[in-house]
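Below are the chains, spelled out letter by letter.
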Amino acid sequence: MNGLKHIYIEGGKQLFGTVSIQGSKNAVLPMMAASFLHKGISVLKGCPKIADVFCMEEILRELGAKTWWEGHDLYLDCSTGEGTEISTVYTGKMRSSVILLGAMIARNGKGKIGYPGGCVIGQRPIDFHLYVLRCLGVDIREEGEFVEASCEKLQGSEIFFPARSVGATEQGILTAVLAKGITVLKNCAREPEIIWLCRYLRKMGAKISGEGNPCIVVEGVESLGRGEIQVPPDRIVAGTYICAAAITRGRIEIENPPENELGAFLEVYGKMGGQYKQNSGKLIIDGRTVGKSVPFTETEVYPGFPTDLQSPLMAVLTTVPGKSCIREKIFEDRYKAAVQMKRMGAHITVKGRDAFIEGGFPLRGCTVKAEELRGGAALILEALACEGISCIEGCSFIERGYEHICEDLKALGGILTED
Ligand code: EPU
């Protein structure tokens, strides 16, 4: 899927069958930034072919690297890479490109990026990113649309993050691996993607310990070597497909589930009446028993319920009779999909960070518009439960993170066409 304008979905079909999960977007993006720290070739195996990865690839090329694909393996040759500027064109397209700032400084002594600005799910400032860089000795100047940063020699430090941020934790690690001395990062985010980044960096020769805990210790090294890793399966895509089984009251088998990364999500799925079991490495999802409302769920940093699955969960909750409430604690404006679901007949009232859902009302297919990635995927799910045909617009948002959601749902028995 690429360059889609519309997805048409005929609702009302239960999904059955087996599906495998693409590589993780949020794990691979920081790995791509890490690869820029090695002046040679690295390879990311099983890399998802999604818009955000292509955008990051384009930025790395702009900085002087060479990239190519062999099947789903992405090769990054960063023997050359003297570039020090990422324009607002890219930072506007993909905020997480800010993750390259520390890597540019570590490699080339300076970096300039277009200020990412607000985003459709919330303001998403980068103050924690800049804070951790300053703590490592970086001189930062914020001028209009740009942030300019430079440093002659990064210096390890003890840093306490004001709040848990996935991106800022990754920024801290990526910058500290080549700094002089020891860096102690406290109050770190604990998301699995951080653990995967550290595994990758260790393969490159970095000295890191403690990831997965709030305190991560990085001992700076002189240089990093070749990186090679199998990109892990995407836990959010897996969660989205579990919601697809749940909303259609179907039964699916996930061939390569993420290992122990979906705990909080599966707990809520269980509260809805959903069943699951592990069998010879597969995760078997039986959504035929889904039917109970969930009085209260709040999104939280890992290991809590992931914000990225908040909209998909909301879609499922609109189909179970009774009252449910979701509280979105990570991003202040992540309910855009609710407005569209209401057009399909869902009963949802949003008050600030809370969404009150009264489920079980009939849903009718209509034209709806995706305005962000996960909300867009949630609209596909909602359409699967509608009577009649829905048309999803704004597919480019969905393509940022889902490599072949339409093909996968079709293989499970869903009726979808695209143009
Ligand atoms: N925050 C700040 N200042 C900062 C950084 C973050 O105030 O400098 C705030 C954010 O505004 C937000 C909270 O801290 O309210 C948490 O943001 P975090 O930094 O953890 O998020 P992120 O690193 O920008 C990653 C994922 C998101 C995912 C969040 C939360 C990537 C590329 N993105 O974003 O993924 O929702 O963590 O788990 O890893 C998605 O895939 O759809 C997506 C949005």
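About the criteria used
- Residues numbered from 1 in each chain as written.
- Predicted model: local features only at pLDDT ≥ 70, side-chain atom pairs only at ≥ 80, totals over all residues.
- Heavy atoms only, no water.
- Helix = DSSP H or I, 4+ residues; strand = E, 2+ residues; numbered from the N terminus.
- Rg over C-alpha atoms; globule rule 2.2 N^0.38 Å.
- Buried < 20%, exposed > 50% of the residue type's maximum accessible area, 1.4 Å probe, protein only.
- Contact = heavy atoms within 4.5 Å.
- Areas by Shrake-Rupley, 256 points an atom, 1.4 Å probe, with all protein chains shown as cover.
- Pairing = 2+ DSSP bridges.
- Right-handed = clockwise from strand over helix to strand, strands pointing away.
- Axes fitted to C-alpha atoms, helices over the stretch in contact; angles between N-to-C directions.
- Near = heavy atom within 4 Å.
- Polar contact = N/O pair within 3.5 Å; in protein donor to acceptor, adjacent residues only side chain to side chain.
- Nonpolar A, V, L, I, M, F, W, Y, C, P; charged D, E, K, R; others polar.
- Salt bridge = Lys/Arg side-chain N within 4 Å of Asp/Glu carboxyl O.
- Core = buried A, V, L, I, M, F, W, Y, C linked by side-chain atoms within 4.5 Å.

So, the overall build of the protein
For the protein, the count of helices and strands is 14 helices and 24 strands. Taken over C-alpha atoms, the radius of gyration comes to 21 Å for the protein, in line with the 22 Å a tight globule of 419 residues would show. Taking the principal axes of the C-alpha coordinates as reference, the protein spans close to 65 × 45 × 40 Å. Taking all 419 residues of the protein together, the buried fraction comes to 57%. Across the protein, every contact between residues at least 6 apart in sequence was considered, and the portion connecting residues at least 24 apart equals 72%. Summing over all exposed atoms, the protein offers an accessible surface of approximately 15,800 Å²; the carbon and sulfur share of this is 49%.

Let's talk about the pairing of strand S19 (residues 322–327)
Across two bridges, the pairing between strand S18 (residues 297–298) and S19 is parallel. Each residue of the ladder has a partner; that of Thr297, found in S19, is Ile326. Assessed by its sense of winding, the connection that carries the chain from S18 through helix H10 (residues 310–317) to S19 is right-handed. Alignment of S19 against strand S21 (residues 354–359), held across six bridges, turns out to be antiparallel. Across the sheet, Gly322 pairs through a bridge with Gly359, a residue of S21.

A look at the sheet that holds S18
Spatially, S18-S19-S21-S20 is the arrangement adopted by the four strands of the open sheet, whose pairing is mixed. Since the sheet does not close on itself, it has two edges, and those belong to S18 and strand S20 (347–351), each with one partner.

Observations concerning the sheet that holds strand S12 (residues 207–209)
Reading across from one edge, S10-S11-S13-S12 is the order of the four strands in this open sheet, with mixed pairing throughout. Pairing within the sheet leaves two strands with one partner each, and these edge strands are strand S10 (158–160) and S12. Strand-to-strand twist of the sheet, defined as the mean angle between neighbouring strand axes without regard to direction, takes the value 15°.

Description of the site of the ligand
As a structural note, the neighbourhood of the ligand is formed by 19 residues, with Asp127, Ser165, Val166, Asp308 and Ile330 the closest of them. At 2.6 Å from an oxygen atom of the ligand is found a side-chain nitrogen or oxygen belonging to Ser165. Here an oxygen atom of the ligand sits 2.6 Å away from a polar atom, N or O, in the side chain of Asp308. Taking 830 Å² as the accessible area of the ligand by itself, protein coverage stands at 85%. Those elements that provide at least two residues to the shell around the ligand are helix H1 (25–35), helix H5 (127–135), helix H6 (166–176) and helix H12 (373–384). A total of three residues in the shell around the ligand trace back to one element, the largest contributor, which is H5. Broken down by class, the residue content of the shell around the ligand amounts to seven nonpolar, six polar and six charged.

Focus on H10
Burial runs high along H10: eight of the eight residues are buried. Among the residues of H10, Gln310, Ser311, Pro312, Leu313, Met314, Ala315, Val316 and Leu317 are the ones counted as buried.

A word on the pattern of salt bridges
In the structure shown here, the tally under the stated rule is 19 salt bridges. The partner of Arg235 in a salt bridge is Glu193, with the nearest N and O atoms 2.8 Å apart. Separated by 42 residues along the polypeptide, Arg235 in helix H8 (residues 235–247) and Glu193 in helix H7 (residues 192–203) bring together distant segments of the chain. Here the two residues Arg235 and Glu193 agree in accessibility, since each one is buried. The residue Glu300 makes a salt bridge to Lys329 at a minimum N-O spacing of 2.7 Å. Within this pair, whereas Glu300 is found in the loop between S18 and H10, its partner Lys329 is found in the loop between S19 and helix H11 (336–343), the two being separated by 29 residues in sequence. Among the residues examined, Glu300 registers a relative accessible area of 30% and is labelled partly exposed. Given the relative accessible area of 37%, Lys329 is considered partly exposed. One network of salt bridges, with partners in common, ties together Lys25, Asp52 and Arg400.

Quick look at the nonpolar core
Ranked by size, the top nonpolar core spans 71 residues in total, and within it Leu100, Val177 and Leu201 carry the most contacts. Looking at this core, the element that brings in the most residues is H1, giving seven residues. For Val177, the contacting residues outside a window of four places in its chain are Leu37, Leu201, Ala206, Ile208, Val218, Glu219, Gly220, Val221 and Leu224. Residues Ala238, Cys243, Ile254 and Met314 belong to the second largest nonpolar core, which totals 68 residues.

Re the environment of Asp354
Along the chain, Asp354 falls in strand S21. We classify Asp354 as buried; its relative accessible area is 14%. Remark: the alpha-carbon pair of Asp354 and Ile326, spanning 28 residues in sequence, is separated by 5.7 Å. Every residue in contact with Asp354, bar those within four places of it in the chain, is listed here: Cys325, Ile326, Arg327, Tyr335 and Thr349.

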